[in-house]
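# Secondary and tertiary structure notes
Chain by chain, the residues:
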Amino acid sequence: MPVDEDSDPTPMSADTRMRVGLGQFMEPTEERLRFIKQLGVNDVLLNLYQYSADYEHMPDGERMPLSRAGEWSVDDLTTLRERVESAGLRLNAIENVPVSFYGDVMMGGPERDDQLRRLKDRIRNMGAADIPHFGYHWAPTGVWRTGNDTVRGGASVSSFDAETVDERLTHGREYTESEMWENYEHFLREVIPVAEEAGVKLCLHPSDPPMERLGGIPQIARNFENFKRAMDLVPSDNHGLDLCLGCWSEMGEDLAEVIRYFGERDELFYVHFRDVEGTVPKFKETFVDEGNYDAYEVLKLLDEVGFDGMMIPDHTPHLEGDTDWEHRGRSFTVGYLRGMLKAMRSERAERELRA
């Protein structure tokens, strides 16, 4: 009986192929982990940006052993990893920690040094708990959307239109580009040596939307040139990209050039796979098989440059009867990505046979 190379018979071992994961949730309940495994997925990314309304009322056995304000001990992180592993899955990354963890680091505020100390402790503890990736952003104003729209069949998606943005300052005054870069470089010089020692990879997510500024704050992670600069400030094998294809699509950059540039430098650590229709200053999210780019061509290019990490469905359309986490939307994207992977690998095998 032939072996399906998209199935991993030993999911707890290191997988060195490009593969599909699932993430952007906080509660690794037994039910959700079973659902993820049923989709043929082996990698999990946990998102700590916000808690659901009923989080405090969850049974202790299902609640994540981390909190907004508390320390992330090695024991708590290990408990979290082992909970994921108990379902035959890998905890590949933690991302989108609350802005309160490092807001003053980004803005040069009075709590900067204390926040840096705590952040470095958390990264050390992640390494000790064998959690390999830490995803972060440099957008103190967070993700901005101005409304909702519909796509195929009336599925609901988020949208952005700069003409309707509230222009009020989010942090009391206008900040300069040089201030944001100075704060960012200080962060990298402090944190990258800790990540290297801990064996944790730091993964930078683009600003969403990638506008020049929002709320009076320059969005430095907004284009190709700025990402090159970000990676060159403190060069390290432990610093690279959370390649959010949706954000890069919003930018209107040449995705092929972006993937080749960072892929050839081994700076693509994991991928958020989504797309949009339109670019800044106006766009809306859409299904992965629609939008600005050809998903299959992007997948083949990632393979060509040697990307061997996890791809997760990012924001997905809200389908009929869907949940808050978009179980149905994410299932569609997982199936689409797994189907493309299988087709791509079959094409490659045929070429090798003919060679």
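Residues numbered from 1 in each chain as written. Predicted model: local features only at pLDDT ≥ 70, side-chain atom pairs only at ≥ 80, totals over all residues. Heavy atoms only, no water.

## Regarding the side chain of Ser-207
Basically, it comes down to this: Here a helix means four or more residues in a row that DSSP labels H or I, a strand means two or more in a row labelled E, and each is numbered from the N terminus. Any N or O atom pair separated by 3.5 Å or less is treated as a polar contact, with the protein-specific requirement of one donor-capable and one acceptor-capable atom, and with residues adjacent in sequence counted only for side-chain atom pairs.
Looking at the secondary structure, you find Ser-207 in the loop between strand S7 (201–205) and strand S8 (213–214). At 3.4 Å, the side chain of Ser-207 and the side chain of Gln-219 are in polar contact.

## Brief notes about helix H9 (residues 295–304)
Inclusion rule: We call a residue buried when its accessible area falls under 20% of the maximum for its residue type, exposed when it is over 50%, and partly exposed in between, using a 1.4 Å probe and counting protein chains only. The criterion used for residue contact is that any of the two residues' heavy atoms lie within 4.5 Å.
Buried within H9 are the following residues: Ala-295, Tyr-296, Val-298, Leu-299, Leu-301 and Leu-302. Packed against the buried residues of H9 are strand S10 (239–244), helix H7 (245–251), helix H8 (255–263), strand S11 (268–273), strand S14 (310–313) and helix H10 (327–354). Where H9 begins, one side-chain oxygen reaches toward the backbone nitrogen of Tyr-296, 3.0 Å away; that side chain belongs to Asp-294. Of the residues one or two after H9, Gly-306 is the one with positive phi, at around 90°.

## Here's the deal with the pattern of salt bridges
Let me state the cut-off plainly: Put simply, a salt bridge is a Lys or Arg side-chain nitrogen that is within 4 Å of an Asp or Glu carboxyl oxygen.
Scanning all chains against the criterion turns up 30 salt bridges. For Lys-300, the salt bridge identified is with Glu-297, shortest N-O distance 3.2 Å. Of this pair, Lys-300 and Glu-297 both sit in helix H9, 3 residues apart, roughly one helical turn. You can call Glu-297 partly exposed: its relative accessible area is 42%. Among the ionic pairs, Asp-303 bridges to Arg-348, the shortest N-O distance being 2.8 Å. With Asp-303 in helix H9 and Arg-348 in helix H10, this pair connects stretches of sequence that are 45 residues apart. Look at Asp-303 and you get partly exposed, because its relative accessible area is 26%.

## Some thoughts on the pairing of S14
Selection criterion: For two strands to be treated as a pair, DSSP must find at least two bridges joining them.
Across the two faces of S14 the burial is the same, with Met-310 and Ile-312 and Met-311 and Pro-313 all buried. Inspection of the sheet shows S11 paired to S14 by 4 bridges, in the parallel sense. Each residue of the ladder has a partner; that of Tyr-270, found in S14, is Met-310.

## Structural notes on the sheet that holds strand S4 (residues 133–137)
Pairing between the strands of a sheet comes from backbone hydrogen bonds, and it takes one of two forms, parallel or antiparallel. Note the cut-off: Only the stretch in contact is used when a helix axis is fitted, and all axes are lines through C-alpha atoms; the angle between N-to-C directions ranges over 0 to 180 degrees.
Within the closed barrel, the 8 strands sit side by side as S1-S2-S3-S4-S7-S10-S11-S14. Their pairing is parallel. Here the average twist between neighbouring strands, direction ignored, is 30°. Strands S10, S11 and S14 of the sheet are contacted by H9, whose axis makes an angle of about 170° with S11. The strands touched by H10 within the sheet are strand S1 (19–25), S11 and S14, with S1 carrying the most contacts at an inclination of about 160°.

## Some thoughts on the packing of aromatic side chains
Describing an aromatic ring pair means giving the distance of the ring centres and the angle of the ring planes. Using the following cut-off: Stacked, edge-to-face and tilted are the three classes for Phe, Tyr and Trp ring pairs, Trp counted by its six-membered ring, which pair at centre distances within 6.5 Å; planes under 30 degrees apart are stacked, over 60 edge-to-face, the rest tilted.
Applying the stated rule across the entire model yields 20 aromatic pairs. Measuring from centroid to centroid gives 6.1 Å for Tyr-102 and Trp-138, while their planes differ by 55°, and the two rings are tilted. Remark: Trp-138 occurs in the loop between S4 and strand S5 (147–150) and Tyr-102 occurs in the loop between strand S3 (90–95) and helix H3 (103–107); sequence separation between them is 36 residues. For Tyr-102, a relative accessible area of 2% corresponds to the buried category. Where Tyr-261 meets Phe-262, the ring centres are 4.9 Å apart and the plane angle is 85°; that geometry is what we call edge-to-face.

## A few points about the sheet that holds strand S13 (residues 282–286)
Ordered by their spatial adjacency, 4 strands build an open sheet running S5-S6-S13-S12, and the pairing between neighbours is antiparallel. Looking at strand neighbours, the two that pair on one side only are S5 and strand S12 (275–279), the edges of this open sheet. Ignoring which end each strand starts from, the neighbouring axes of this sheet average 30° apart. Pairing analysis gives 3 bridges linking strand S6 (residues 156–161) to S13, with the strands arranged antiparallel. Looking across to S13, one finds that Ser-159 is bridged to Lys-284.

## Some points on H8
Quick reminder: α-helices carry 3.6 residues per turn. Residues three or four places apart thus point the same way. By the burial criterion, the buried members of H8 are Leu-255, Val-258, Ile-259, Tyr-261, Phe-262 and Gly-263. Of the surrounding secondary structure, the elements contacted by the buried residues of H8 are helix H6 (224–233), S10, H7, S11 and H9. At the N-terminal boundary of H8, the capping side chain belongs to Asp-254, with an oxygen 3.1 Å from the backbone nitrogen of Ala-256.

## A word on the packing of helix H5 (residues 177–198) against H6
The condition is simple: Definitions for this section: a left-handed crossing has its near helix turned counterclockwise from the far helix by less than a right angle. A right-handed crossing has that turn clockwise.
Where H5 contacts H6, the two axes come as close as 10 Å, and the packing angle between them is 35°. H6 is crossed by H5, and the crossing has right-handed handedness. Residues Glu-177, Trp-181, Tyr-184, Glu-185, Leu-188 and Arg-189 of H5 touch H6, and the partners they reach there are Asn-226, Arg-229, Ala-230 and Leu-233.

## Some words on the nonpolar core
Condition: In these notes, a set of buried Ala, Val, Leu, Ile, Met, Phe, Trp, Tyr and Cys residues joined through side-chain atoms within 4.5 Å is what counts as a nonpolar core.
Core analysis: the largest hydrophobic core is formed by 88 residues, its most contacted members being Tyr-184 and Phe-273. The leading source of residues in this core is H5, at 9 residues. Counting 9 residues, the second-largest nonpolar core is a separate cluster that includes Trp-144, Leu-214, Val-280 and Phe-283.

## Thoughts on the environment of Phe-227
The residue Phe-227 is located in helix H6 in this model. Note on Phe-227: relative accessible area 1%, which makes it buried. Excluding its chain neighbours within four sequence positions, the residues that come into contact with Phe-227 are Leu-204, His-205, Pro-206, Ala-221, Arg-222, Leu-241, Trp-248, Met-251 and Phe-262.

## Some remarks on a negative patch on the surface
The cut-off we apply is this: Think of a patch as exposed residues, more than 30% relative accessible area, with no salt bridge, where like charges cluster within 9 Å and nonpolar side chains (Val, Leu, Ile, Met, Phe, Trp, Tyr) cluster within 5 Å. A 1.4 Å probe and the Shrake-Rupley method give the accessible areas. Residues count as covered only by the protein chains that appear here. A residue counts as positive if it is Lys or Arg and as negative if it is Asp or Glu; His and the chain ends are not included. A charged residue contributes its charge at one atom only: NZ of Lys, CZ of Arg, CG of Asp or CD of Glu.
A cluster of acidic residues, Glu-196, Asp-237, Asp-266 and Asp-308, forms a negative patch at the surface. The topology assignment puts Asp-266 in the loop between H8 and S11. Take Asp-266: its relative accessible area is 61%, and that puts it in the exposed class.

The analysis is restricted to geometry; functional conclusions fall outside its scope.
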